[in-house]
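Survey of secondary and tertiary structure
Each chain, written out:
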Amino acid sequence: MRRLIAVLGIVVAPVLCAAQTPAKFPPDSLVNTRVISHATPVILVIGTMRNFTSYLGVRCQYCHVGVEGQPLDKFDFVSDDKRAKVVARQMMLMLQEINRRLDSLPEGMGAKLQVTCNTCHRGTSRPFPLSTLISDAAASAGADSALRAYRALRERYYGRDAYDFGEGSLNIAAFRLGGLKKFDEALAILKLNEELYPNSSGMYVFRGNINLMKADTTAAEAAFREAIRRDPNNQEAKGRVQAIGKQP
Ligand code: HEC
Ligand code: HEC
């Protein structure tokens, strides 16, 4: 749930923290940069910083000491007091390492892809997959709270790159919950998925598998048969029905 609060707590806001007093912001020189070379023009550094806000879906004060709405010349960009800034510096080093390794790949692979913060973050500060957020929320705070969280995330992020709202995410979340023996929660999550994807055959395979984990063979068989009714070519469901000991 902590992860989810962190995710939902972010104000999704425009990238720019409008610069107001050019005399002091941008600063004349770099003071406490340990990854970015001191010789880098300040204007390029500010560009990098604006990219950070967009990649993580945050504002400057997420990493820097300052207050929302305050002019940027009142911010203390030099300070390392915020944990997020310290983490971000580690992330910058990690990125350099990743890109160095990518650069050392053999030739002939076409255009080289460079990794950015956005490769992982995609507009969120903590890049957890949706299935993890939802199964964590259900395991720690119950199914209702997980369902509310899913709807809130979908409302905010649908159509963005941040989370996969396709059918798979809730199936995976439900399967994880089944593994934790949280069967009621798992089935509640699948019920929401059914509302969203009412004709899915694959989801009934998940429902069947969760019922098998629950040792409810009757419900499992009914679910696998429903999967076959929805898609007569669903081989996985046919195999499961056979495994239960009956012909499909
Ligand atoms: C995800 C975290 C993060 C966000 C968001 C962020 N910064 Fe930074 N910023 C850093 C880190 C880390 C450094 C230090 C880099 C280094 O050590 O090389 C830094 C350094 C700076 C510096 C140089 C400070 C010095 O020591 O001279 C300025 C100026 C700055 N940021 C401005 C901004 C502005 C303006 C924004 C909003 C548009 C912003 N930052 C958003 C992480 C962030
Ligand atoms: C290879 C994937 C990856 C890349 C690339 C990456 N990050 Fe991260 N980042 C993560 C993961 C995973 C976490 C969550 C770690 C955790 O909380 O357990 C994270 C966490 C963070 C956090 C802490 C968020 C919080 O509030 O706890 C910051 C800040 C951050 N990243 C900044 C950056 C910046 C800036 C870049 C680019 C320079 C970057 N990351 C690149 C994977 C990545």
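Quick summary incoming for the structure in this document. Note that the coordinates shown come from a computational prediction; the quantities given were computed from them, not determined experimentally.

**Some thoughts on the overall build of the chain**
When you go through the chain residue by residue, the secondary structure sums to 11 helices and zero strands. Reading the chain from its N terminus to its C terminus gives the helix and strand order α-α-α-α-α-α-α-α-α-α-α. Looking at the chain as a whole, 40% of its 248 residues qualify as buried. The long-range fraction of contacts in the chain, counting pairs at least 24 apart against all pairs at least 6 apart in sequence, stands at 55%.

**A closer look at the packing of aromatic side chains**
Applying the stated criterion across every chain, the model contains seven aromatic pairs. Judged by centre distance (5.7 Å) and plane angle (80 degrees), the rings of tyrosine 150 and phenylalanine 165 are edge-to-face. A residue pair is termed long-range when its members are at least 10 positions apart, and tyrosine 150 in helix H6 (residues 143-157) and phenylalanine 165 in the loop between H6 and helix H7 (167-179) qualify at 15 residues. Across the pair, phenylalanine 165 and tyrosine 150 agree in class, each one buried. Relative to phenylalanine 165, the ring of tyrosine 163 has its centre 6.4 Å away and its plane inclined at 70 degrees; by these criteria the two rings are edge-to-face.

**So, the packing of helix H9 (residues 202-213) against helix H11 (residues 235-244)**
For the pair H9 and H11, interaxial distance at closest approach is 10 Å and the crossing angle is 25 degrees. Classified by the angle their axes make, H9 and H11 are roughly parallel. Note that H9 runs across H11; the crossing there is left-handed. Contact residues: H9 offers Val205, Asn209 and Leu212, while H11 offers Glu236, Ala237, Arg240 and Ile244. A class-by-class count of the residues in the contact of H9 with H11 yields four nonpolar, one polar and two charged.

**A few points about the site of ligand 2**
Near ligand 2 you find 18 residues, and of these Tyr62, Met91, Cys117, Cys120 and His121 are the closest. A distance of 2.3 Å is found between an oxygen atom of ligand 2 and a side-chain nitrogen or oxygen belonging to tyrosine 62. Taking histidine 121, its side chain carries an N or O atom lying 2.8 Å from a nitrogen atom of ligand 2. When contributions to the shell around ligand 2 are tallied by element, the ones reaching two or more residues are helix H2 (42-56), helix H3 (83-103) and helix H4 (117-121). With seven residues, the top contributor of residues to the shell around ligand 2 is H3. When the residues that make up the shell around ligand 2 are grouped by side-chain class, the tally is 13 nonpolar, three polar and two charged.

**Details of the coordination of the iron atom of ligand 1**
Coordination sphere of the iron atom of ligand 1, protein contribution only: Met49 (SD) and His64 (NE2), at 2.0 to 2.2 Å. Taken together, the six donor atoms coordinating the iron atom of ligand 1 span angles of 86 to 178 degrees at the metal, a pattern that classifies the geometry as octahedral. In this pair, methionine 49 is assigned in helix H2 and histidine 64 in the loop between H2 and H3, connecting sequence segments 15 residues apart. On the basis of relative accessible area, histidine 64 is assigned to the buried category, the value being 9%.

**Quick look at the layout of surface pockets**
Considered as a void within the structure, the second largest pocket measures approximately 190 Å³ in volume. When contributions to the lining of the second largest pocket are tallied by element, the ones reaching two or more residues are H2 and H3. Its residues placed into classes, the lining of the second largest pocket shows eight nonpolar, five polar and no charged.

**So, H7**
Residues that lie three or four places apart on an α-helix share one face, since the helix turns once every 3.6 residues. Spanning 13 residues, H7 covers 19 Å between terminal C-alpha atoms, matching the ideal 18 Å at 1.5 Å per step. Residues of H7 that are buried: Ser169, Leu170, Asn171, Ala173, Ala174, Leu177 and Gly178. Buried residues belonging to H7 abut helix H5 (130-141), H6, helix H8 (183-196) and H9. Downstream of H7 by a residue or two, lysine 181 has a phi angle that is positive, lying close to 65 degrees.

So, how was this worked out
Residues numbered from 1 in each chain as written. Chains lettered and ligands numbered in written order. Predicted model: local features only at pLDDT ≥ 70, side-chain atom pairs only at ≥ 80, totals over all residues. Heavy atoms only, no water. Helix = DSSP H or I, 4+ residues; strand = E, 2+ residues; numbered from the N terminus. Buried < 20%, exposed > 50% of the residue type's maximum accessible area, 1.4 Å probe, protein only. Contact = heavy atoms within 4.5 Å. Phe/Tyr/Trp six-rings, centres within 6.5 Å; stacked < 30°, edge-to-face > 60°. Axes fitted to C-alpha atoms, helices over the stretch in contact; angles between N-to-C directions. Parallel < 35°, antiparallel > 145°, perpendicular 65-115°, else oblique. Left-handed = near helix turned anticlockwise from the far one by under 90°. Nonpolar A, V, L, I, M, F, W, Y, C, P; charged D, E, K, R; others polar. Near = heavy atom within 4 Å. Polar contact = N/O pair within 3.5 Å; in protein donor to acceptor, adjacent residues only side chain to side chain. Donors = N, O, S within 2.8 Å, 3.2 Å for Na, K, Ca; no water. Tetrahedral: all angles 85-135°; square planar, octahedral: opposite > 155°, others 65-115°. 1 Å grid on protein atoms, 1.4 Å probe; cavity = no way out; pocket = protein on both sides within 12 Å on 5 of 7 lines; lining within 4 Å. Points joined across faces, edges and corners; volume = space filled by probe spheres on them. Expected span 1.5 Å × (residues − 1).

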